[in-house]
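Residue-level structural notes
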Amino acid sequence: MNAPAYNFAYLDEQTKRMIRRAILKAIAIPGYQVPFASREMPMPYGWGTGGVQVTAAILGPSDVLKVIDQGSDDTTNAISIRKFFAKTAGVATTTSTADATVIQTRHRIPEASLQSGQVLVYQVPIPEPLRFLEPRETETRRMHALGEYGLMHVKLYEDIARFGHIATAYAYPVKVNARYVMDPSPTPKFDNPKMDNSPALQLFGAGREKRIYAIPPYTQVVSLDFEDHPFTRYRFDAPCALCGAEDAYLDEIVTDDQGSRMFVCSDTDYCENRQAAGHRGSESAAPHKERAHD
Amino acid sequence: MTDAHGTDEALLVAEGLGKSYGRLTACQDISFSLYPGEVLAIVGESGSGKTTLLQLLSAQLAPTSGRVSYRMRDGVLRDLASLGEAERRFLFRTDWGYVHQDPAQGLRMAVSAGANVGERLMAVGWKHYGRIRQTASSWLERVEIDTARIDDAPRTYSGGMRQRLQIARNLVTEPRLVFMDEPTGGLDVSVQARLLDLMRNLVSELGLAAIVVTHDLAVARLLSHRVMVMKGGRVIETGLTDQVLDDPHEPYTQLLVSSILPP
């Protein structure tokens, strides 16, 4: 510990116990939103207060932490959370997906497949998938309890009626373990299939809404759809401009004011590993020119 | 009515039904049976307990005394109070319909008409977009809504269209019993006439049983086979519609009937 002023991983032990109990319950009932007494964190709501609390509760001294924001290791949010835990818990941090034991994420699931023993912690803004159709919390809880999920299909129906296809591209509702309908946080629906039967434990923390939910390892996660409009992944139809990856989720980057753009992997670690292994895209003149630094 | 419809097994039975809020009694001691295919009108002035009664019958309110039993699709008569919440809600969205006076209460105003009609189908597990849409559009046709407006939200509809959409939304799962709370309230006369005509056709076509709460005796006369007159939370007169309206016995019913302006 290099920060004696704080308890290990910032939160006090009682709070961590409370959060761990919520996590255990969430794991026992896959997809169910467990209420917990969310604490104020030294960061604003919407910056990952839920994810940070979950991470603080599960972190041990021997853990290796990776934090990503929109797939990237080197954005403000990712760097500051990584530094936060480096300072308050003194744990080792990494940008490598394979080396990490705990990965806190906002809006993405890493491209490299996760391993048994790894924990993926999601930051969740609005945990309730039914919220925009049913504003009453009492009613949505009842609907979850009774498994009344017709309303979720109403949303998908509206998409098809309006756009001709299911236009929901992120926060795409899933059914966990054939029971609870769950909002996978605003990850792109491209990542939905990665949640199914994943060997890693997936934890979701919503700080403002005070909910924790989980997908235990090797749990069935099915994206909702219609028989005649099946679920499809979505990605830009281009290879990554830096590493040439055909299978990764891409960010669209505007490069000038003349309408030029390039598509690059949103997962920086994946992209860098591919470039290091010799893969090249159309614009990768100088591979490895940048790495995330702590 | 029982003979005309060839069954003597009641669909819904109310026994000694009462609801009070402290010293205030909303309705008391109400007993009747409703048979399949029968339309019962509950008439009375406002504040006479009509809507409370409707809510008691549809298990939205728990009665203070008495009970309501309903014959489930398997033929067993069951006390509604003994049903679990899940069963009750399932009943409500499959075997029953509830038409609100204000369509905004019974519809999702922000989603399209097609989704409004399809919601019940999706709730019972329909997962085929094409079939849901086809069923929704055939129901819109039946309630005389232009199918070109299937993707419009009901908030763009007129009052009469909203009410017809609400009826379509309720009937899509082919319920056996429909509760209607002042279904023609707030509509202008010509729209009322069309709606009544439509409801009468649907009821006879589908063999629906219906309980219609109304203060409009014309609605009762057009739609119902039987009438219950309520005053001060009690049923004061009941009988066949023509009988009650043409030859009222109770002074209050006489007053009610005579207060209709002659055409």
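In every chain, residue numbers begin from 1 and rise along the written sequence. Here every chain gets a letter starting at A, and every ligand a number starting at 1, in the order they are written. It should be noted that, the model being predicted, local features are given only for residues of pLDDT at least 70 and side-chain atom pairs only at 80 or more, the latter also being counted only at that level, while totals for whole chains, interfaces and linings use all residues.

**Some words on the overall build of chain A**
- In this text, helices come from DSSP runs of H or I with a minimum length of four residues, and strands from runs of E with a minimum of two, each type numbered from the N-terminal end. Within chain A, the secondary structure is distributed over seven helices and twelve strands.
- The C-alpha atoms of chain A give a radius of gyration of 19 Å, which matches the 19 Å a tight globule of 294 residues would have.
- Projected onto its principal axes, the C-alpha coordinates of chain A cover approximately 55 × 55 × 35 Å.
- Once C-beta atoms are placed from the backbone, each residue is buried if 20 or more other C-beta atoms lie within 10 Å of its own, exposed if 12 or fewer, and partly exposed for counts between those two. Across the 294 residues that make up chain A, the buried fraction comes to 47%. This radius of gyration counts C-alpha atoms alone. The globule rule is 2.2 Å times how many residues there are, raised to the power 0.38.

**Some points on the pairing of strand E7 (residues 177-181) of chain B**
All names here are of chain B.
- Of all five residues making up E7, five are buried, and the element is well covered by its neighbours.
- Every second residue of E7 is oriented toward a common face, with Leu177, Phe179 and Asp181 on one face and Val178 and Met180 on the other, all of them buried.
- Relative to strand E8 (residues 209-214), E7 is paired through five bridges, and the arrangement is parallel. Bridging across to E8, Asp181 finds its partner in Val213. When DSSP finds at least two bridges between two strands, those strands are taken to pair.

**Examining the interface of chain A and chain B**
- Between chain A and chain B, the residue contacts involve 14 residues of the former and 17 residues of the latter.
- Considered class by class, the residues forming the side of chain A that touches chain B number six nonpolar, three polar and five charged. Two residues form a contact once the distance between their C-beta atoms, set from the backbone, is within 7 Å. Polar here means any residue other than Ala, Val, Leu, Ile, Met, Phe, Trp, Tyr, Cys and Pro, which are nonpolar, and Asp, Glu, Lys and Arg, which are charged; Gly is therefore polar.

**What about the confidence of the model for chain A?**
- On a range of 0 to 100, pLDDT expresses the predictor's confidence in each residue. When pLDDT is averaged along chain A, the result is 91; 95% of the residues meet or exceed 70.
- Note on residues 286-293 of chain A: pLDDT is under 50 here. Beyond four places in sequence and across chains, it has nine contacts.

**Let's talk about helix H5 (residues 150-163) of chain A**
Residue and element names in this part refer to chain A.
- Its 14 residues place the ends of H5 20 Å apart at the C-alpha level, agreeing with the 20 Å of an ideal helix rising 1.5 Å per residue.
- Within the sequence span of H5, burial applies to Leu151, His153, Val154, Leu156, Tyr157, Glu158 and Ile160.
- Of the residues flanking the end of H5, it is Gly164, one or two places downstream, whose phi is positive at about 85°. Helix span is expected to be 1.5 Å times the residue number reduced by one.

**Side note on the confidence of the model for chain B**
Residue and element names in this part refer to chain B.
- Taken over all residues, the pLDDT of chain B has a mean of 89, while the share at 70 or more is 96%.
- This model gives residues 1-6 a pLDDT under 50, and the stretch forms eleven contacts once residues within four places in sequence are excluded.
- Model confidence for the complex: the whole-complex pTM is 0.86, and ipTM, which rates the interface, is 0.84.

**Regarding helix H5 (residues 129-142) of chain B**
- Its 14 residues give H5 of chain B an end-to-end C-alpha distance of 20 Å, which sits within 8% of 20 Å, the value for a rise of 1.5 Å per residue.
- Listing the buried residues of H5 of chain B in full gives Tyr129, Ile132, Arg133, Ala136, Trp139 and Leu140 of chain B. End-on view of H5 of chain B: buried residues confined to an arc of 125°, all on one side of the axis. Along H5 of chain B, the residues that are exposed and aim more than 90 degrees away from the buried face are Gly130 and Glu141 of chain B.
- Where H5 of chain B is buried, its residues touch H5 of chain A together with helix H4 (113-123) and helix H6 (159-171) of chain B.
- Positive backbone phi, approximately 60°, marks Glu144 of chain B, located one or two places after H5 of chain B. Note that the arc is computed from the directions linking the helix axis to the C-beta atoms.

**Quick look at the environment of Ile81 of chain A**
Residue and element names in this part refer to chain A.
- Mapped onto the secondary structure, Ile81 falls in helix H3 (residues 76-88).
- Separated by 39 residues in the primary sequence, Ile81 and Pro42 have C-alpha atoms spaced 11 Å apart.
- Setting aside chain neighbours within four positions, we find Ile81 in contact with Gly48, Val52, Val67 and Gln104.

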